[in-house]
Amino acid sequence: MKRVLSGIQPSGTLTLGNYIGAIKNFVELQETHQCFFMVVDLHAITVPQEPAALRENSEAVAALYLAAGIDPAKASIFLQSHVPAHAELGWLMTTLAYMGELERMTQFKDKAEGKDSVGAGLFVYPTLMAADILLYNADLVPVGDDQKQHLELTRDLAHRFNQRYGEMFRVPEVYLPEVGARIMSLDDASKKMSKSSPTPGSYIALLDEPDVIRKKISRAVTDSGREVKYDEANKREVSNLMSIYSQCSGLSLQEIEAKYEGQGYGPFKKDLAEQVVATLEPLQARYREIRASGEVADVLRKGASEAEEVASGIVRQAKEKMGFLLPKLGR
Ligand code: AMP
Ligand code: TRP
């Protein structure tokens, strides 16, 4: 079975962008692939995190994975910090990467822009991400569009390692959703929908109450026209809302255009809100049950032990190839 690995940072409340760009594909891929889905807490601390908030958000992301339908009997769900091989191979990958290639990462440039002091962790963030992926010899990495460049770097580092030390790492492929790989802000379609935005009206959180969702969608910016038509160049706002509609309803973009022909934005937005509510309400109900049951800790323990089994062997093999003198296994 082909392998899949992905992760989400526990750095705030997850959004509909995370769901459409990533989690929805996780749920589908678990049926046909051996899957590892992480909560990347080591990545979250590349910007300061309040310890209590980090703990809460880490458990919350794991619970959202379960609530969205990831089944721990099919996929391994775990915290990155529970498997020490991530930090270890992360360091090895850092020594393979060049300053120049890390300086070119747009996520780094965006996060560092205008800051007086920029954490070194933010700079080497992509080498840890490469380690995450290579540790499982993942074939596919389901992510949103913003992670494509990090995936390219991962591929480069895998090639570099293989060339220098001998063939060992599989070179992974990115796996993007067909529609909605980049969900944009509701108040500014030039920016991606992000949980770190200071304006909550710009994003839909997975745990937003139905009435909050309805309000946010009714206030979402549109152009001054009235045609529900997918046109990313000239109608970015409506195109973004249509992508969300399509992913929540299962209708294609063409079917949505046909359904709202001649009707203007009003009915379209109203139905869109109901589609999003219908998608998130059952997830929210399951989320509350899961948090109340206390089952997350057990899921994470099982997931970490499954991940550890794969990852510890790979990091050992990488160290051996690089020339580290290895401690003897067993007693
Ligand atoms: P992050 O929240 O940065 O840890 O992202 C977790 C996953 O969600 C990654 O695969 C991202 O590419 C994806 N993602 C985050 N925001 C969006 C968005 N606005 N549209 C599509 N995918 C997204
Ligand atoms: N960098 C990713 C993000 O911000 C999160 C991430 C960390 C990840 N490690 C990963 C995604 C490995 C896929 C595979 O969204």
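Residues numbered from 1 in each chain as written. Chains lettered and ligands numbered in written order. Predicted model: local features only at pLDDT ≥ 70, side-chain atom pairs only at ≥ 80, totals over all residues. Heavy atoms only, no water.

Chemist: Help me out: how do you make sense of the overall build of the protein in this one?
Modeler: For the protein, the helix and strand inventory stands at 13 helices and five strands. For 331 residues, the compact-globule estimate of 2.2 N^0.38 gives 20 Å, and the C-alpha radius of gyration of the protein, at 21 Å, lies within 12% of that figure. A principal-axis box enclosing the C-alpha atoms of the protein has dimensions of 70 × 45 × 40 Å. Evaluated residue by residue, the protein yields a buried proportion of 52% over its 331 residues. Nonlocal contacts in the protein, meaning residues at least 24 apart in sequence, comprise 76% of its contacts between residues at least 6 apart. Counting every atom, the protein has about 15900 Å² of accessible surface; 50% of that belongs to carbon and sulfur. (Helix = DSSP H or I, 4+ residues; strand = E, 2+ residues; numbered from the N terminus. Rg over C-alpha atoms; globule rule 2.2 N^0.38 Å. Buried < 20%, exposed > 50% of the residue type's maximum accessible area, 1.4 Å probe, protein only. Contact = heavy atoms within 4.5 Å. Areas by Shrake-Rupley, 256 points an atom, 1.4 Å probe, with all protein chains shown as cover.)

Chemist: Would you explain the side chain of aspartate 231 in this entry?
Modeler: Within the secondary structure, aspartate 231 is located in the loop between helix 9 (210–219) and helix 10 (236–249). Lysine 229 is the oppositely charged side chain nearest to the buried, salt-bridge-free aspartate 231, at an N-O distance of 4.5 Å. Apart from the residues lying within four places of it in its own chain, the contact partners of aspartate 231 are Arg236 and Ser239. (Lys, Arg positive; Asp, Glu negative; His and termini not counted. Salt bridge = Lys/Arg side-chain N within 4 Å of Asp/Glu carboxyl O.)

Chemist: It is not clear to me how helix 13 (residues 296–322) should be interpreted in this structure. Could you clarify?
Modeler: Working note: α-helix, 3.6 residues per turn, so residues spaced by three or four point in the same direction. Under the 1.5 Å per step criterion, the end-to-end length of helix 13 is 37 Å for 27 residues, consistent within 8% with the ideal 39 Å. Looking one or two places after helix 13, you find glycine 323, whose phi comes out positive at around 105°. (Expected span 1.5 Å × (residues − 1).)

Chemist: Could you clarify how one ought to interpret the site of ligand 1 in this entry?
Modeler: Close to ligand 1 lie 17 residues, the nearest being Gly144, Asp146, Ile183, Met193 and Lys195. Lysine 195 is positioned such that a nitrogen or oxygen atom in its side chain is 2.7 Å from an oxygen atom of ligand 1. Considering ligand 1 on its own, with 480 Å² of exposed area, one finds that the protein chains cover 94% of that surface. Element by element, the count of residues in the shell around ligand 1 is highest for helix 1 (residues 16–29), at four residues. A breakdown of the residues in the shell around ligand 1 according to their chemical character gives six nonpolar, seven polar and four charged. (Near = heavy atom within 4 Å. Polar contact = N/O pair within 3.5 Å; in protein donor to acceptor, adjacent residues only side chain to side chain. Nonpolar A, V, L, I, M, F, W, Y, C, P; charged D, E, K, R; others polar.)

Chemist: Looking at this model, I keep getting lost on the site of ligand 2. Mind explaining?
Modeler: Close contacts around ligand 2 come from 13 residues, with Gln9, Tyr125, Met129, Asp132 and Gln147 the closest. Aspartate 132 is positioned such that a nitrogen or oxygen atom in its side chain is 2.6 Å from a nitrogen atom of ligand 2. Contact with the protein chains removes 92% of the 370 Å² of surface that ligand 2 exposes when unbound. Residue contributions to the shell around ligand 2 peak at four residues, all from helix 7 (residues 120–134). Of the residues that constitute the shell around ligand 2, the class distribution is seven nonpolar, five polar and one charged.

Chemist: What is the right way to read the nonpolar core from this model?
Modeler: Buried together is how nonpolar side chains tend to be arranged in soluble globular proteins. With 61 residues, the main nonpolar core has Leu16, Ile23, Tyr65, Ile244 and Val276 as its most contacted residues. Of all the elements, helix 12 (residues 265–293) adds the most residues to this core, at 10 residues. The residues touching isoleucine 23, leaving out its near neighbours within four places in the chain, are Ile8, Leu14, Asn18, Tyr65, Ala68 and Leu206. (Core = buried A, V, L, I, M, F, W, Y, C linked by side-chain atoms within 4.5 Å.)

Chemist: Quick question: what am I supposed to make of unusual backbone geometry here?
Modeler: A negative phi angle is the norm for most residues apart from glycine, just as the trans form is the norm for most peptide bonds. Its identity as a non-glycine residue notwithstanding, asparagine 137 has a phi of 45°, on the positive side. Along the chain, asparagine 137 falls in the loop between helix 7 and strand 4 (140–142). Residue classification places asparagine 137 among the buried positions, given a relative accessible area of 13%.

Chemist: Honestly, the domain arrangement of the protein in this entry has me stumped. Any pointers?
Modeler: Accessible area lost when the parts come together is the quantity often used to give the size of an interface. What the domain assignment lists for the protein is domain 1 (3–176 + 294–322) and domain 2 (200–289). Computed from C-alpha atoms alone, the centre-to-centre distance between domain 1 and domain 2 is 29 Å. Contacts between the two partners involve 14 residues from domain 1, matched on the other side by 13 residues from domain 2. Between domain 1 and domain 2, roughly 1300 Å² of surface is buried when both sides are summed, and carbon and sulfur atoms account for 73% of that area. Joining domain 1 to domain 2, the criterion identifies zero salt bridges. Applying the counting criterion to the domain 1 and domain 2 interface returns four residue pairs in polar contact (both at pLDDT 80 or more). Among the elements that take part in the side of domain 1 that touches domain 2, helix 3 (residues 51–68) stands out by supplying six residues, more than any other. Of the residues belonging to the side of domain 1 that touches domain 2, the class tally is 10 nonpolar, two polar and two charged. (Domains from an automatic or database assignment. Buried area = accessible area lost by both parts, 1.4 Å probe.)

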